[in-house]
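Here are the chains, one letter per residue:
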Amino acid sequence: MSATEATGTEPGSTVPAQSMPSAGPPSTGLSGTGSSGKGLPGTRLPGAIDAPVMGEPDAGGRFGEFGGRFVPEALVPACDELEAAFRQAWSDPAFHAEYEHILSEYGGRPSPLTECRRLSERIGVRVLLKREELNHTGSHKINNVIGQALLTTRMGKLRIIAETGAGQHGVATATAAARFGLECVVYMGEVDTARQALNVFRMQILGASVVPVHSGSRTLKDAVNEALRDWVASVETTHYCIGSVMGPHPYPWMVRELQRIVGDESRAQCQALLGGPPDLVVACVGGGSNAAGIFAGFADTSARLVGVQPVGGAAIGRGLPGVVHGMKSYLMQDEAGQVLEAESISAGLDYPGVGPEHSHLSALGRASYPQVNDDEVLDAVQVLARTEGIIPALEPAHAIAWLLREAGREVPTGSTVLVNLSGRGDKDADQVMRLLTERGSP
Ligand SMILES: Cc1ncc(COP(=O)(O)O)c(C=O)c1O
């Protein structure tokens with residue numbers, strides 16, 4: 001039985017994955033979230049308000065009605081083992097010290113906060129960029145992967161597998177595998193291997209095996225399916241390094257905590273620069289890890305949290321609650337519960353689901369999840385390149401595109417906006433060159 005056909009293993013849950021009926025419209029209000037409101041242990045950062053969001057999920061791994069652990073029996077012990085290893089590590093100062101040391105001396109943290117003077121002048125909004133694209137390997141993905149590679153060695157496993165869409169998570173995983181001496185296999189949809197050929201080569205030169213996935217839409221969701229199949233067969237020796245805040249518990253929570261460093265750093269940088277939080281925090285959302293990481297630093301402040309989705313992959317807005325890849329979340333699906341194909345200009349956002357905590361934040365009304373189209377994204381790449389000398393990856397260009405569209409509308413003139421620049425544009429250069437040439441506007 002494939003993982004995506006698995007029956008739920010939560011008490012009382014027997015609903016087949018991908019055919020979970022709609023649970024109706026999302027609940028609103030702050031009750032019954034199961035969240036503890038916990039941020040960094042013992043810290044109360046300046047600008048904090050009392051909002052019980054982005055804490056630990058409940059005992060079943062739920063954020064409100066979303067999340068959980070819907071996996072085949074064979075994976076339950078591995079999820080339990082991982083949860084125990086993560087809990088133990090995350091409460092161990094020695095683990096934090098090692099994780100932060102590696103991210104600093106190897107990964108290049110802290111990433112700077114850049115004031116965008118020319119762009120701000122142009123749109124009448126003060127724009128700050130959190131420069132995650134300056135990390136080693138070119139995106140935020142390295143934060144998560146270093147943490148999971150450390151956990152892999154702590155669990156005594158020697159093999160690591162991953163799925164990848166844009167290739168950034170695959171490259172980050174291959175990098176960490178080389179750094180820690182682990183065998184590495186990366187599953188990647190065939191369509192993505194073509195549009196991200198450079199990243200395929202990067203993974204291979206780092207010593208990883210890249211397995212093209214020919215099933216389904218041959219994109220990220222199919223790569224996750226294949227990685228889950230591998231894990232079922234190899235769970236004794238293998239850690240599955242999921243690249244976003246998705247999958248069965250503990251992944252959505254663990255990956256958010258491993259990306260929290262983005263939000264915590266930004267919070268301190270905003271405090272130093274602005275004397276408090278910005279008015280808005282904006283990030284693109286594929287699975288949702290760069291957004292969750294930066295939101296986590298501001299969830300207990302008055303800052304508006306905005307997760308920008310591609311029109312063709314807007315699980316929140318176009319989807320219904322359903323079960324896929326071991327979690328319950330908003331999911332683009334047809335009336336029979338079959339997962340629909342996502343269609344986005346950016347491989348990293350080409351995913352019909354979304355991390356369950358984002359579904360929860362949306363249901364609570366704590367974050368909003370608007371959509372932008374591919375043309376707006378291409379415009380945004382050029383605007384940021386020409387006003388600030390920074391070529392963004394197509395994924396964070398979604399966040400910039402929303403800001404360009406909404407400055408002076410949804411985003412009041414004069415407000416201060418922090419944008420997570422989750423990755424750099426090198427990987428997309430060929431694709432953007434082709435698309436702009438087709439449009440006649442390179
Ligand atoms: C640069 C970049 N940003 C964002 C994403 C989307 O992932 P997430 O929503 O988990 O941050 C990806 C995924 O590959 C990416 O490469």
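None of the values given here were measured: they were computed from a predicted structure.

A. How the structure looks around the overall build of the chain. Along the chain, the regular secondary structure elements total 15 helices and 15 strands. Taken across its 442 residues, the chain has 57% of its residues classed as buried. Nonlocal contacts in the chain, meaning residues at least 24 apart in sequence, comprise 75% of its contacts between residues at least 6 apart.

B. Summary view of the packing of helix H13 (residues 374–388) against helix H14 (residues 394–406). Interhelical geometry of H13 versus H14 gives an angle of 90° and a closest axis separation of 8 Å. Looking at the two axes, H13 sits roughly perpendicular to H14. Here Glu376, Val377, Asp379, Ala380, Val381, Val383 and Leu384 of H13 lie close against H14, whose contacting residues are Leu394, Ala397, His398, Ile400, Ala401, Leu404 and Arg405. Taken together, the residues of the contact of H13 with H14 break down into ten nonpolar, one polar and three charged.

C. Summary view of the nonpolar core. Counting residues in each nonpolar core, the largest one holds 125 residues, and the members touching the most others are Val186, Val282, Phe295, Leu403 and Val419. Split by domain, the residues of this core number at least three in each of domain 1 (33–55 + 109–137 + 260–436) and domain 2 (67–105 + 140–240). When near neighbours in sequence (up to four residues on either side) are disregarded, valine 419 contacts Val127, Leu129, Val282, Ala399, Ile400 and Leu403.

D. Seen up close, the site of the ligand. Contacts to the ligand come from 20 residues, most closely from Ser244, Gly286, Ser289, Gly348 and Gly423. Of the residues that constitute the shell around the ligand, the class distribution is six nonpolar, 13 polar and one charged. Counting contributing residues per domain, the shell around the ligand is built from domain 1 (33–55 + 109–137 + 260–436) and domain 2 (67–105 + 140–240), each supplying no fewer than three.

E. Structural detail: unusual backbone geometry. For the bond running from arginine 109 to proline 110, omega is 0°, close enough to zero to count as cis. Tracing the backbone shows proline 110 in the loop between helix H2 (93–105) and strand E3 (113–116). In this structure, the amide linkage connecting histidine 249 to the following residue, proline 250, adopts the cis form with an omega of 15°. In this structure, proline 250 sits in the loop between strand E8 (238–240) and helix H9 (251–274). In this structure, methionine 54 takes a positive phi of about 60° despite not being glycine. The residue methionine 54 is located in the segment before strand E1 (62–63) in this model. Unlike most non-glycine residues, histidine 325 shows phi in positive territory, near 50°. Here histidine 325 lies in the loop between strand E11 (320–324) and strand E12 (327–331).

F. Seen up close, the sheet that holds strand E7 (residues 209–213). Read across the open sheet, the four strands follow the order E7-E6-E5-E8; overall the sheet is parallel. At either margin of the open sheet sits one strand with a lone partner, and together these are E7 and E8. Between one strand axis and the next, the sheet turns through 20° on average, direction left out of account. Pairing between strand E5 (residues 159–164) and E8: three bridges, direction parallel. In the sheet register, isoleucine 161 faces E8, and the bridge partner there is tyrosine 240. Where helix H8 (residues 220–234) meets the sheet, its contacts fall on E5, strand E6 (183–189), E7 and E8, and the angle it forms with E5 comes to roughly 160°.

G. Broad picture of the environment of alanine 59. Structurally, the position occupied by alanine 59 is in the segment before E1. Sequence-wise, alanine 59 and histidine 249 are 190 residues apart; in three dimensions their C-alpha atoms are separated by 9.6 Å.

H. Local environment of the pairing of strand E10 (residues 304–310). Within E10, six of the seven residues are buried, which leaves the element mostly enclosed by the surrounding structure. With respect to chirality, the unit in which strand E9 (residues 280–284) leads through helix H10 (residues 289–296) into the neighbouring parallel E10 is right-handed. In terms of strand pairing, E10 meets strand E13 (residues 367–368) through two bridges, oriented parallel. Opposite leucine 305, over in E13, you have alanine 367 as the bridge partner. By the bridge criterion, two bridges tie E10 to strand E14 (residues 371–372) in an arrangement that is parallel. Its bridge partner being in E14, glutamine 309 is matched across the sheet by glutamine 371.

I. Summary view of H9. Taking 1.5 Å per residue as the helical rise, H9 with its 24 residues ought to reach 34 Å, and the 33 Å between its terminal C-alpha atoms agrees with that figure. Helix geometry: H9 is bent most strongly at glutamine 259, by close to 40°. In terms of burial, H9 is a largely internal element, 17 of the 24 residues being buried. Phi turns positive, to about 85°, at glycine 275, one or two residues after H9.

J. Representation of helix H7 (residues 197–205) within the structure. Burial in H7 covers these residues: Asn199, Val200, Arg202 and Met203. All buried residues of H7 fall inside an arc of 160° around its axis, so they share one side. Where the residues of H7 are buried, they touch helix H5 (168–180), E6, helix H6 (190–195) and E7. At the exit of H7 stands glycine 207, carrying a positive phi of roughly 100°.

K. Broad picture of the packing of H5 against H7. Between H5 and H7, the shortest axis-to-axis distance is 9 Å and the interhelical angle comes to 10°. The orientation of H5 relative to H7 falls into the category roughly parallel. Residue-level inspection shows Gln168, Gly170, Val171 and Ala174 of H5 in contact with H7, the latter providing Asn199, Arg202 and Met203. Class assignment of the residues belonging to the contact of H5 with H7 gives a composition of three nonpolar, three polar and one charged.

Cut-offs and rules
The residue numbering used here restarts from 1 in each chain and proceeds along that chain's sequence as written. Selection of residues for local features in this predicted model requires a pLDDT of at least 70, selection of side-chain atom pairs for listing and counting requires 80 or more, and totals for whole chains, interfaces and linings are taken over all residues. Helix and strand definitions follow DSSP, with helices as H or I runs of at least four residues and strands as E runs of at least two, each counted in order from the N terminus. Between the buried cut of 20 or more and the exposed cut of 12 or fewer other C-beta atoms within 10 Å of a residue's own C-beta lies the partly exposed class, and all C-beta atoms are placed from the backbone. A residue pair is marked as a contact if its C-beta atoms, positioned from the backbone, fall within 7 Å. Angular values range over 0 to 180 degrees, each being the angle between N-to-C directions of two axes fitted as lines to C-alpha atoms, with helices fitted over their stretch in contact. Angle categories: roughly parallel below 35 degrees, roughly antiparallel above 145, roughly perpendicular from 65 to 115, and oblique for all the rest. In this classification, the charged set is Asp, Glu, Lys and Arg, the nonpolar set is Ala, Val, Leu, Ile, Met, Phe, Trp, Tyr, Cys and Pro, and all remaining amino acids, among them Gly, are polar. Put simply, a nonpolar core is buried Ala, Val, Leu, Ile, Met, Phe, Trp, Tyr and Cys residues tied into one set by C-beta atoms within 7 Å. Where each domain starts and ends comes from a domain assignment, either automatic or drawn from a database. A residue counts as near a molecule or strand when its C-beta atom, positioned from the backbone, falls within 6 Å of it. By this definition, two strands are paired if DSSP reports at least two bridges between them. For the handedness criterion, the strands are oriented away from the viewer, and a crossover whose path from the first strand over the helix to the second runs clockwise is classed as right-handed. Between the first and last residue of a helix there are one fewer steps than residues, each counted as 1.5 Å, and that sum is the expected span. To obtain the bend at a residue, axes are fitted to the seven residues ending there and to the seven starting there, and the angle between these axes is taken. Directions from the helix axis toward the C-beta atoms define the arc.

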